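Understanding the architecture of this molecule
These are the residues of each chain, in order.
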Amino acid sequence: MLLRIPEKKNIMSSRHWGPIYVKVNEAGFLQLFYEKGLEKPFREFKLEVNHEISDPKLQNYDESGRIHTIRIDRVLYREKRKYQPMPLVTHAGEREQVIKLGTVDYMDFISFISTIQDVLFHLPATVDLRTMHQNYIEEEITIDVKDEFRGILAKRDNQLLQCSVVTHVYVLNFISGMADCRIGLNDVLIKGNEVVSRHDIMPTTTTKWVRLHDCQFHSSVDEEAFLGSRTVLFTPLDACRFELMRFRTVFSEKTLPFTLRTMACVRGAEVELQSWVVMSSGFSSNRDSLSQVPCENITIRHPVPSEWVNYFRRDSVLGERSLKAKVNREASFGSPSFSGSEPAMRVTLGTAKYEHAYNAIVWRISRLPDKNSGEDKCPSHTDYIFY
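The text that follows walks through the structure, step by step, so that each part is easy to find. Keep in mind the model is a prediction, meaning the values are calculated, not measured.

Now for the sheet that holds strand β18 (residues 296-303). An order of β18-β24-β23 is seen for the three strands of this open sheet, with the pairing classed as antiparallel. Because the sheet does not close on itself, it has two edges, and the strands there are β18 and β23 (351-355). For this sheet the average axis-to-axis angle between neighbouring strands, irrespective of direction, equals 25°. Judged from the seven bridges that link them, β18 and strand β24 (residues 360-367) form a sheet pairing that is antiparallel. Bridge pairing in β24 places T299 opposite R364.

Our next topic: the side chain of N173. Mapped onto the fold, N173 is located in strand β11 (residues 160-174). Once residues lying within four places of it in the same chain are set aside, the contact partners of N173 are E140, I141, P236, L237, D238, A239 and C240.

The next point concerns the environment of Q31. In this structure, Q31 sits in strand β4 (residues 29-33). Along the sequence, Q31 and E44 sit 13 residues apart, while their C-alpha atoms lie 4.3 Å from each other. The residues contacting Q31, other than those within four sequence positions of it, are Y21, V22, K23, N25, P41, R43 and E44. Of the polar contacts made by the side chain of Q31, one reaches the side chain of E44; its length is 2.9 Å.

On the surface, I141, I143 and V145 cluster together to form a nonpolar patch covering roughly 240 Å² of accessible area. Relative to the helices and strands, V145 is located in strand β10 (residues 140-153). On the basis of relative accessible area, V145 is assigned to the exposed category, the value being 56%.

The next subject is the sheet that holds strand β13 (residues 213-217). The strand order across the open sheet built from four strands is β10-β11-β15-β13, with neighbouring strands paired in antiparallel fashion. Strands at the two margins of the open sheet, each flanked by one partner only, are β10 and β13. Looking at each pair of strands side by side, their axes are set apart by 15° on average, direction ignored. As judged from the three bridges shared by β13 and strand β15 (residues 241-249), these two strands associate in the antiparallel manner. Within β15, the position partnered with H213 by the bridge is R248. On top of the sheet, helix α1 (residues 106-121) reaches β10, β13 and β15; it is set at about 110° to β15, its chief contact.

With that settled, the discussion passes to the packing of aromatic side chains. With the rule as written, the count across this model stands at six aromatic pairs. Considering the side-chain rings of Y34 and F42, the 3.9 Å spacing of their centres and the 15° angle between planes classify their relative orientation as stacked. When the ring of Y77 is compared with that of F174, the centres are 6.3 Å apart and the planes differ by 75°; the resulting orientation is edge-to-face. Of this pair, Y77 sits in strand β8 (residues 65-82) while F174 sits in strand β11, and the two are 97 residues apart along the sequence. When its relative accessible area of 2% is taken as the criterion, F174 is described as buried. In this structure an aromatic cluster arises from ring pairing among Y77, Y136 and F174. Its guanidinium or amino end placed over the ring of F121, R246 lies 4.3 Å from that ring's centre, counting from NZ or CZ.

It is worth spelling out unusual backbone geometry at this point. The omega torsion across I5 and P6 is -15°, close enough to zero to call that bond cis. With respect to the element layout, P6 can be found in the loop between β1 (2-5) and β2 (16-19). Residue D214 is not a glycine yet carries a positive backbone phi of 50°. Among the secondary structure elements, D214 is positioned in strand β13. Within the chain, R230 stands out as a residue other than glycine whose phi angle is a positive 60°. Positionally, R230 belongs in the loop between α2 (223-229) and β14 (231-234). The class for R230 is buried, based on a relative accessible area of 15%.

What counts and what doesn't
- Residues numbered from 1 in each chain as written.
- Predicted model: local features only at pLDDT ≥ 70, side-chain atom pairs only at ≥ 80, totals over all residues.
- Heavy atoms only, no water.
- Pairing = 2+ DSSP bridges.
- Helix = DSSP H or I, 4+ residues; strand = E, 2+ residues; numbered from the N terminus.
- Axes fitted to C-alpha atoms, helices over the stretch in contact; angles between N-to-C directions.
- Contact = heavy atoms within 4.5 Å.
- Polar contact = N/O pair within 3.5 Å; in protein donor to acceptor, adjacent residues only side chain to side chain.
- Patch = residues over 30% accessible without salt bridge, like charges linked within 9 Å, V, L, I, M, F, W, Y side chains within 5 Å.
- Areas by Shrake-Rupley, 256 points an atom, 1.4 Å probe, with all protein chains shown as cover.
- Salt bridge = Lys/Arg side-chain N within 4 Å of Asp/Glu carboxyl O.
- Buried < 20%, exposed > 50% of the residue type's maximum accessible area, 1.4 Å probe, protein only.
- Phe/Tyr/Trp six-rings, centres within 6.5 Å; stacked < 30°, edge-to-face > 60°.
- Lys NZ or Arg CZ within 6 Å of the ring centre and 35° of its normal.

This is the structure:
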């Protein structure tokens, strides 16, 4: 990977990205080496429960483009009182950067993030004696649920060949003292036996039951209680965001939100690549038809051979820049009208250009139109032509 050298800004010296080797050992230590094969790292630190991974970002690297960067921060959550413009109590986190790393290899980047998440998930639950008996003005507990879907489609009919749905449950707790908490899931194994701890509360009904597979829990969870009652019983860490559990489910939807179709045609020295997004009419992101959530932050990558990269870059006053797509909403598949000896790109929605960080032409769409919009607003395709 790459490390910013020197790590802290210094007015008297410039900074650059230097290659290093990173290792995570079984004890949860992150070790940094100048060269591969060395026994003693030049820096190491232990991952702790108050460490969090920042959102992935792209940062300027060199004249070729940007790199993928990630930070590991030490986050301390505190209760704060504000009096302007009105009295308010908030729970906010103060971030302190522990380390920031980058890489030009996207697969290594994803692998590193997954490894750090696994280490943090399996850390033992520790109690901070300084805050164990802390009394909060306003008690609060937040549950975040994140679903990750990965699938492989067949080329011809877009049928799912393989798919995986992994759900991660995160908890952020501000409760005075040590308290046991319970979370009930829409587990199919308790269907018909829904109960609540208070008799004056009616059980919440649902028509969407799921079957949980390969359940994994944080060390604060009582796994025996879950096997007996299918209820997640845990003692949350105080003022600390941690992953409570993760499990797999089966993808039960009949259709995907959209599919991507691509066609390549070679005519002598000319290569024509056309891709278009097909939105699924039967897909619903929400059971309530009045609160549909459209697809957002769509990223489609077309890998480009290294020998072709120079064709997608141009010299400018500010240095070398990537050739950007020319928006043409009237473009239609099968009827490109390009002339000249340089590559041309068109998109009917969003933007497209070559990005060195992915070694690919990246088509970005901030938001797909909903299915109730007219046909003239729906994205049809994007055309890439290069020689």
